[in-house]
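Inside the fold
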Amino acid sequence: MPDLFDHAMNERMKNEAPLAARMRPRTLDEYIGQEHIIGEGKLLRRAIQADRLFSSILLWGPPGTGKTTLAQVIANQTKSHFETLSAILAGKSDLREVIERATERNRLYRQRTILFIDEIHRWNKAQQDALLPFVENGTVTLIGATTENPFFEVIKALVSRSRIFQLRNLNQTEVGLLLDRAIADPQRGYGSRKIHLEPAARAHLIEMASGDARNALNALELAVESTPPNAEGLIHLTLDVAQESIQRRAVLYDKDGDAHYDTISAFIKSVRGSDPDAALYWLAKMIYAGEDPRFIIRRLIILAGEDIGLADPLGLVVASSAAQAFDFIGLPEGIYPIVEATLYLATAPKSNSAGAYFKAMQKIEQEGAGSVPKHLQDGNRDREATGQGQGYVYPHEQAGHFTAQQYLPKRLLGTYFYTPSGEGHEAQVAARLERWREAQKRALGIETEQRLPDLPQQTIDALKRNIKS
């Protein structure tokens, strides 16, 4: 008797499920989008159709692109037993039960088990490690779904034993097909009702869904269910109704995920690349998605030192002032100093000559730190007895406030870490510095010079990690 009640409840839940769940495709022919991985003749499609999915796979993509749907299509197609776990709700004990059933099933019936784990990136390393041996020995074939980059969020051992398929946001044509299908389907959609979706309303739903199938169907459901039929029983969905149903465009943005890092990367690269329009676009995306403005300003201050430098020394002043102004004002008006700093830095002359510091750091790492020349040492402690500081010439007492004396350890004389860019203000610095260096070479008898080349970015990144906070 309980089975009868359970069946009735399951049927009721199925009928009362959200439209997006009811319209979930059941076969490959119903599946819309992702032609690059399941189009005709593609490897994954052939494996699904032949029920030959022997190697584990990871489905990686934004929400609403069909990862769970594709897993259910595989479940409907395969003769293997299909198990499902949600990494949000399930733990190691749940996994243990699945493994025990899979082992027993294989022993008694020689039936394989496919294990689908939704949001697999939610599992910590220990939980993923617990799964690894059973993927490795074939007890289960894993299908993992994740919105995060599996190369960062899934342990390397699982990644190396899986094929990764990246799903993309649906295009507007594909989202439109989903909406049309939901309106026409009499069993799972609204085909049993008289609905007229105005072209402008349809276009708005498609545009604002931003390639997220679930978002589009949820908006359609809200529009239909909240609009009473007219006297003829027609549900008329106007543009106004559509705008009320989905007022804000869905933006994929997780403050700890790929979208966060990819967008700030695009923003910084646009400013560095002197494209103010692109910089404003990525700035707007971050603010729209709820990014912390202080995070953006911190990155602008770093960029001012790293990519503007002495080409325009005011860049750092403007960026720092934007930080102070934002703390004083806050949103929404506080966006103006951030925009001003963005535009100033994007249109400023560029120089990365401040990276010369890392050449000096690398020199010290390779050769050790040299001793401070005697005349540069502090003479306030024991000048008469040790000679510390003796021979130092005070530049401000000389013509031009400059004197050609030794400042580097003797073995490094003629070594030049800093190379001015010749851009903006730094062009004047370059001319001045060249005169000073020539005078120093003559005064100290420096015959050879070593101008160190720029360091590769990976070397700079490694040296940065050695800087103690």
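Residues numbered from 1 in each chain as written. Predicted model: local features only at pLDDT ≥ 70, side-chain atom pairs only at ≥ 80, totals over all residues. Heavy atoms only, no water.

Here we look at helix 6 (residues 92-109)
End to end, helix 6 covers 25 Å across 18 residues, agreeing with the expected 26 Å (1.5 Å per residue, within 8%). Taken together, the buried positions of helix 6 are occupied by L95, V98, I99, A102 and R105. One side of helix 6 holds all its buried residues, which, seen down the axis, span an arc of 130 degrees. When the buried face of helix 6 is taken as reference, the exposed residues oriented beyond 90 degrees from it are E100 and R107. (Helix = DSSP H or I, 4+ residues; strand = E, 2+ residues; numbered from the N terminus. Expected span 1.5 Å × (residues − 1). Buried < 20%, exposed > 50% of the residue type's maximum accessible area, 1.4 Å probe, protein only. Arc of directions from axis to C-beta.)

Things to note about the nonpolar core
Core analysis: the biggest nonpolar cluster contains 30 residues, and L205, L220 and L237 have the highest contact counts within it. Put simply, the parts of the chain that give this core at least two residues each are helix 2 (19-22), helix 10 (172-184), strand 6 (194-197), helix 11 (199-209), helix 12 (213-226), strand 7 (234-237) and helix 13 (239-245). Top element by residues in this core is helix 12. It accounts for seven residues. With sequence-adjacent residues up to four places away left out, L205 is seen in contact with L179, L197, A219, L220, A242 and I246. With 25 residues, the next largest nonpolar core counts M286, I296, L303 and A341 among its residues. (Core = buried A, V, L, I, M, F, W, Y, C linked by side-chain atoms within 4.5 Å. Contact = heavy atoms within 4.5 Å.)

Structural notes on helix 5 (residues 67-77)
Residues of helix 5 that are buried include every one of K67, T68, T69, L70, A71, V73 and I74, and no others. Along its buried surface, helix 5 packs onto helix 3 (35-38), helix 4 (43-49), strand 1 (56-60), strand 2 (81-86), strand 3 (113-118) and strand 4 (141-146).

A few points about the confidence of the model for the protein
Of all residues in the protein, 93% attain a pLDDT of 70 or more, and the chain-wide mean is 89. Taken element by element, the protein is modelled with least confidence in helix 1 (residues 2-16), mean pLDDT 54, and with most confidence in helix 18 (residues 335-347), mean pLDDT 96. (pLDDT = per-residue confidence, 0-100.)

A look at the sheet that holds strand 5 (residues 162-166)
Strand order in the open sheet formed by five strands is 2-3-4-1-5, with parallel pairing between adjacent strands. The open sheet terminates on both sides in strands that have one partner only, identified here as strand 2 and strand 5. The mean inter-strand angle of the sheet, taken between neighbouring strand axes irrespective of direction, is 15 degrees. Along the sheet, helix 6 makes contact with strand 2 and strand 3, crossing strand 2 at roughly 175 degrees. (Pairing = 2+ DSSP bridges. Axes fitted to C-alpha atoms, helices over the stretch in contact; angles between N-to-C directions.)

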